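# Structure at a glance
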Amino acid sequence: MSGTTPRHPNPAGPPPDRPIDTLRFGYGTNGLTDLRLDDALGLLADLGYSGVGLTLDHMHLDPLAPDLASRTRHVARTLDRLGLTVTVETGARYVLDPRLKHGPSLLDPDPQRRAARVRLLIRAVHVAADLGAHAVHCFSGIRPDDTPDDVAWKRLADALGPVLDAASCAGVPLAVEPEPGHLLSSINDFHHLRGELGDPAPELLGLTLDIGHCQCLEPLPPADCVRAVAPWLRHVQIEDMRRGVHEHLPFGDGEIDFPPVLAALAATGYQGLTVVELPRHSHAGPRLAADSLDFLRRAAADAEKPVPPERVPLSRAPAPAAVPTAAEGGTP
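Residues numbered from 1 in each chain as written. Predicted model: local features only at pLDDT ≥ 70, side-chain atom pairs only at ≥ 80, totals over all residues. Heavy atoms only, no water.

With that settled, consider the overall build of the chain. A tally of helices and strands in the chain yields nine helices and ten strands. Taking all 332 residues of the chain together, 55% fall into the buried category. The contacts in the chain between residues at least 6 apart in sequence include a share of 78% that link residues at least 24 apart. Counting only carbon and sulfur atoms, one obtains 53% of the accessible surface of the chain, whose full area is about 14,200 Å². (Helix = DSSP H or I, 4+ residues; strand = E, 2+ residues; numbered from the N terminus. Buried < 20%, exposed > 50% of the residue type's maximum accessible area, 1.4 Å probe, protein only. Contact = heavy atoms within 4.5 Å. Areas by Shrake-Rupley, 256 points an atom, 1.4 Å probe, with all protein chains shown as cover.)

Our focus in this paragraph is empty space enclosed by the protein. Applying the stated criterion across every chain, the model contains two cavities of 30 Å³ or more. Lining the largest cavity we find Pro-178, Ser-185, Ser-186, Ile-187, Thr-208, Leu-209, Asp-210, His-213, Cys-214, Leu-217 and Glu-218. Looking at the lining of the largest cavity, the elements with two or more residues in it are β6 (205-210) and α6 (211-217). Quantified by volume, the second largest cavity comes out at close to 30 Å³. Around the second largest cavity sit Thr-90, Leu-106, Arg-117, Leu-121, Cys-138 and Phe-139, which together line it. Across the lining of the second largest cavity, the residue classes break down as four nonpolar, one polar and one charged. (1 Å grid on protein atoms, 1.4 Å probe; cavity = no way out; pocket = protein on both sides within 12 Å on 5 of 7 lines; lining within 4 Å. Points joined across faces, edges and corners; volume = space filled by probe spheres on them. Nonpolar A, V, L, I, M, F, W, Y, C, P; charged D, E, K, R; others polar.)

Moving on to the packing of helix α1 (residues 37-47) against helix α9 (residues 285-303). Relative orientation and spacing of two packed helices are given, respectively, by the angle between their axes and the distance between those axes. At a closest axis distance of 10 Å, the pairing of α1 and α9 adopts a crossing angle of 30°. The orientation of α1 with respect to α9, classified from their angle, is roughly parallel. Between α1 and α9 lies a crossing whose hand is right-handed. Note on element contacts: α9 touches α1 through Pro-286, Ala-289, Ala-290, Leu-293 and Arg-297, opposite Leu-43, Leu-44 and Leu-47. Within the contact of α1 with α9, the residues separate by chemical class into seven nonpolar, no polar and one charged. (Axes fitted to C-alpha atoms, helices over the stretch in contact; angles between N-to-C directions. Parallel < 35°, antiparallel > 145°, perpendicular 65-115°, else oblique. Left-handed = near helix turned anticlockwise from the far one by under 90°.)

Further remarks concern the environment of Asp-146. If you trace the backbone, Asp-146 turns up in the loop between β4 (136-138) and α4 (149-170). Looking at Asp-146, the relative accessible area reads 65%, which means it is exposed. Sequence separation between Asp-146 and Pro-109 is 37 residues, and the spatial gap between their C-alpha atoms is 9.3 Å.

Axis separation between α1 and helix α2 (residues 68-82) bottoms out at 10 Å; the angle between their running directions is 15°. In this view, α1 runs roughly parallel relative to α2, as classed from their interaxial angle. The hand of the α1/α2 crossing is right-handed. Along the contact surface, α1 presents Leu-37, Asp-38, Leu-41, Gly-42 and Ala-45, while α2 presents His-74, Val-75, Thr-78, Leu-79 and Leu-82. Of the residues belonging to the contact of α1 with α2, the class tally is six nonpolar, three polar and one charged.

A word on the nonpolar core. In terms of nonpolar packing, the biggest core is built from 86 residues, with Leu-131 and Leu-262 touching the most fellow members. No other element matches α4, which puts ten residues into this core. (Core = buried A, V, L, I, M, F, W, Y, C linked by side-chain atoms within 4.5 Å.)

Looking now at the packing of aromatic side chains. Applying the stated criterion to the full structure yields four aromatic pairs. Here the aromatic rings of Phe-251 and Phe-258 are separated by 5.1 Å at their centres, their planes lie at 90°, and the arrangement is edge-to-face. In this pair, the class of Phe-251 matches that of Phe-258, namely buried. Judged by centre distance (5.5 Å) and plane angle (90°), the rings of Phe-258 and Phe-295 are edge-to-face. With Phe-258 in helix α8 (residues 258-268) and Phe-295 in helix α9, this pair connects stretches of sequence that are 37 residues apart. For Phe-258, a relative accessible area of 1% corresponds to the buried category. (Phe/Tyr/Trp six-rings, centres within 6.5 Å; stacked < 30°, edge-to-face > 60°.)

Shown next, in the form of structure tokens:
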């Protein structure tokens, strides 16, 4: 990559009068795969999004194709021209192995295959630095059936070591996502990983919090999850979801009460992007991008209204009706 100094955009001017105005919404390119990247970025800017969750994939800034540095410079110029900020995401389904979804992972039994994933993440860190991204997102992968938990956790920590070194040099935090069905599937698992790695600073090893995943399997309601992880929060993904079912849904099709979630995000002072994550809805991407931003703006406005007593959440959510499995590779 070009080795340029990370740009890390910082909005100019005085802080907003209302905390809710600090929220910046983005849309994930994994939900716009039927569009060319330039067209997708132009659409999001025209709709009024603040940024984009850019998944490095064969159709959008392919991390394995030639001339990555020059293509990254083109994307950086486009983002600057459109006034969009960016988080780099690494959840492409088949970017490394055309026959195995999300493979190879950081937990692969084959050291050479694990190394391929490590190289991809380090490359993503370099891309993120050149784009001025807020963070680089990643996840653990599914624990192989014949791998004990302690071996899997050590394998994950060892694999992430070089990635964290690269992130430290680039000044871009790594944001690990708890993913249903994966070894690291919960907020508690994220803290376990921190312990395995010697408790890195939150500015180096942070968390990607998927609000739908909180609804799916965390014991606390989503708004409480936001408050619980505030010191480590580096990236947020958002969509609707139902308890116990790992299916990313358009807003209004699930069970999440979003105004309290957005109010909690604003109250924490979170400065990154809150990115709509609808990877299975690319066929309707332009329409859903427009509908999603309208929904989030209405929810943000509602977040500032007094909460009626009937909408005050319980301190703990009910147990999941069904346990998400790894049958579909954990991630969508």
